[in-house]
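Notes for the structure review
What follows is each chain in one-letter form.
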Amino acid sequence: MAESMKWIVLGIAILMYVCVIAFQERKVVYTTIAAVLVIILGIIFPDYIFTLPPEQAANGGFLARTYALTHSLFEVINWNVILIYLGSMTIAALFLYSNVPARIADGIINSSKNTGIAIVLILAMTGIISIFVENVATVLVMAPIALALCKKLRMNPTNFMIGLAVMSNLEGTATLVGDPPSMIFASYAGYNFNDFFVHNGKLSIFFLIQAGLITGCIFFYFFFAKAGKNKVEVEKTKVISWVPFIILLTMIIGLAMVSFIPTDFPYLSGLFVLALGIISVLWYVLFQKKNGKEVWELIKGLDWETIFFLLGIFIVVGGIQEAGLLEEFAIFLAKICGGSKFLGFFVILIVSVVISGFVDNVPYIIAMLPVAGSMADTMGLSKELFMFALLIGSCLGGNLTPFGASANVVSMGIVKKEGYPMRFSGWLKIAVPFTILTTGVAALCLWLIWA
């Protein structure tokens, strides 16, 4: 029965992804249906999908059957990401209202040699912020600036928003505090903050990712070169208030500082951002003299569709992980690589890119890190060669599809809200060459330094 449940859950996930690709306008419906099916199966067949803790398994009955529901809602769903997204959306909406993004966009455009360089500077800034701040929050911080610049240039913001997402995912890998996969890696490998820069006298993951960043900036310069050959002078927009910008900076600095606080509480950064979001709304009401209807319009205008989409994805991917499918795949992968150093490196890298394009990279990295480490030990190699390949492939591979990372989903939601629905093929047009180039350059540097 347990084996059958694994394949049923995998079948539900595959069907869900197919429907999301084919019918993006109804993606929330399909992810919700898939999540409900996984939970129902967990209730009907306890301990076959979501592994019961010993006390629940011993009691059986009602408590065992409701475990799938409570576990899915309170543990499988990453509420920290949801809280960060909700608070950041609110701050970003008021940041846009303040006209500060438009003012920044004006300054970048006026000070840049041409608009192509201006776009690349904004994308590079996105990557730098993402080194210390969660990727979703970074996209939400930079999106108003990108949208304001696109309005000035009268250009479709879709490709620009794809750039924001992939650049934030790229740099989120660079430091211990940038993204959850890096934190998981640091915990497994025993790395501290400085080890991400230099380890055992060799350049570490930070510099490998910077090679990818430079490659990404060059790629986007040539991509946007036709749209930005000429220099454009624009009149500087008048700022309504700098308060949302101050709150935004507080969020960025606060998230970086929260990452260093030693605590097991999983929602600290999420509650911090949500609290700043509430403060922003209070400022909007008390100091901007907005009435209830205007506040309701602000809240109603937030991207609630993306929140519900993420909830469904978290539950389905959690079911895949806890059913043991990722662990079994990791064991299979270790066997087929044999004793070849290059084959092991290549397979881990490529498979990680492909898998992370469709599945959340956190459960995949958790399952694969011990495999990568043991493979390196067996061959008498430095663990970093395979573990860095896993980290680079799984984090940069999330750029491959529009649902490969939370930041991608958020960027799609933003452009849809702006009236520019993003097509799956449109995402691939930019993301596939970007992913191949940045991953290839980072992997080459990794091989030359650590092989």
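Calculation criteria
- Residues numbered from 1 in each chain as written.
- Predicted model: local features only at pLDDT ≥ 70, side-chain atom pairs only at ≥ 80, totals over all residues.
- Heavy atoms only, no water.
- Helix = DSSP H or I, 4+ residues; strand = E, 2+ residues; numbered from the N terminus.
- Rg over C-alpha atoms; globule rule 2.2 N^0.38 Å.
- Buried < 20%, exposed > 50% of the residue type's maximum accessible area, 1.4 Å probe, protein only.
- Contact = heavy atoms within 4.5 Å.
- Areas by Shrake-Rupley, 256 points an atom, 1.4 Å probe, with all protein chains shown as cover.
- Salt bridge = Lys/Arg side-chain N within 4 Å of Asp/Glu carboxyl O.
- 1 Å grid on protein atoms, 1.4 Å probe; cavity = no way out; pocket = protein on both sides within 12 Å on 5 of 7 lines; lining within 4 Å.
- Points joined across faces, edges and corners; volume = space filled by probe spheres on them.
- Nonpolar A, V, L, I, M, F, W, Y, C, P; charged D, E, K, R; others polar.
- Phe/Tyr/Trp six-rings, centres within 6.5 Å; stacked < 30°, edge-to-face > 60°.
- Patch = residues over 30% accessible without salt bridge, like charges linked within 9 Å, V, L, I, M, F, W, Y side chains within 5 Å.
- Expected span 1.5 Å × (residues − 1).
- pLDDT = per-residue confidence, 0-100.

This brings us to the overall build of the protein. Of the regular secondary structure elements, the protein holds 21 helices and two strands. Taking 2.2 N^0.38 as the reference for a compact globule, 451 residues should give roughly 22 Å; the C-alpha atoms of the protein span a radius of gyration of 22 Å, in line with that estimate. Each of the three principal axes of the protein carries a C-alpha extent, and together these read 65 × 55 × 45 Å. Expressed as a percentage of its 451 residues, the buried residues of the protein come to 56%. Here the analysis covers contacts within the protein between residues at least 6 apart in sequence; of these, 77% occur between residues at least 24 apart. As presented, the protein carries roughly 19,100 Å² of accessible surface, and 68% of it is formed by carbon and sulfur atoms.

Turning to the pattern of salt bridges, a few remarks are in order. By the definition in use, this model includes two salt bridges. Note that Lys-300 and Glu-297 form a salt bridge whose closest N and O atoms lie 3.4 Å from each other. Of this pair, Lys-300 and Glu-297 both sit in helix α14 (residues 292–300), three residues apart, which is roughly one turn of that helix. Among the ionic pairs, Lys-416 bridges to Glu-305, the shortest N-O distance being 3.3 Å. In this pair, Lys-416 is assigned in helix α20 (residues 406–417) and Glu-305 in helix α15 (residues 304–322), connecting sequence segments 111 residues apart. Glu-305 sits in the partly exposed class, given a relative accessible area of 27%.

Next up on the list: empty space enclosed by the protein. Within the structure shown, the criterion is met by two cavities of 30 Å³ or more. Of the volumes computed, that of the second largest cavity is approximately 30 Å³. Around the second largest cavity, the lining residues are Val-20, Gln-24, Lys-27, Phe-309, Pro-402, Phe-403 and Met-412. When its residues are assigned to classes, the lining of the second largest cavity shows five nonpolar, one polar and one charged.

To continue, consider the environment of Phe-345. Of note, Phe-345 is situated in helix α17 (residues 341–356). Note: C-alpha distance between Phe-345 and Ala-451 (106 residues apart in sequence) is 9.2 Å. Sequence-distant contacts of Phe-345, defined by excluding residues within four places in its chain, comprise Leu-385, Phe-386, Ala-389, Ala-443, Leu-446 and Trp-447.

Right, let's talk about the packing of aromatic side chains for a bit. Per the stated rule, a full pass over the model turns up 22 aromatic pairs. For the ring pair Tyr-97 and Trp-283, a centre distance of 6.4 Å and an interplane angle of 70° mean the geometry is edge-to-face. Of this pair, Tyr-97 sits in helix α5 (residues 79–97) while Trp-283 sits in helix α13 (residues 268–286), placing them 186 residues apart in sequence. Looking at Trp-283, the relative accessible area reads 8%, which means it is buried.

Positive phi, normally seen in glycine, also occurs at Asn-200, with a value near 55°. Looking at where Asn-200 falls in the secondary structure, it is placed in the loop between β1 (198–199) and β2 (202–203). If you check the backbone angles, Lys-289 has positive phi at about 55° while not being a glycine. Tracing the backbone through its elements, the reader meets Lys-289 in the loop between α13 and α14.

On to a nonpolar patch on the surface, then. A surface patch of nonpolar side chains, about 490 Å² in accessible area, is lined by Ile-278, Leu-282, Val-285, Leu-286 and Phe-287. Counting through the fold element by element, Ile-278 comes out in helix α13. On the basis of relative accessible area, Ile-278 is assigned to the partly exposed category, the value being 47%.

Moving on to α17. With 16 residues, α17 should cover 22 Å at 1.5 Å per step; its first-to-last C-alpha distance of 22 Å lies within 8% of that length. Those residues of α17 not exposed but buried are Gly-344, Phe-345, Val-347, Ile-348, Leu-349, Ser-352, Val-353 and Ser-356.

This next bit is on the confidence of the model for the protein. Summarising the model, the protein shows a mean pLDDT of 83, and 92% of its residues fall at 70 or more. Here helix α3 (residues 54–59) is the element of the protein with the lowest mean pLDDT, 58, and α13 is the one with the highest, 93.

Another aspect to go through is the environment of Ile-77. Residue placement: Ile-77 occurs in the loop between α4 (61–76) and α5. Residue classification places Ile-77 among the buried residues on the basis of a relative accessible area of 4%. Placed 239 residues apart in sequence, Ile-77 and Val-316 show a C-alpha to C-alpha distance of 9.6 Å. Setting aside its immediate chain neighbours within four residues, Ile-77 contacts Ser-72, Ile-82, Leu-311, Phe-314 and Ile-315.

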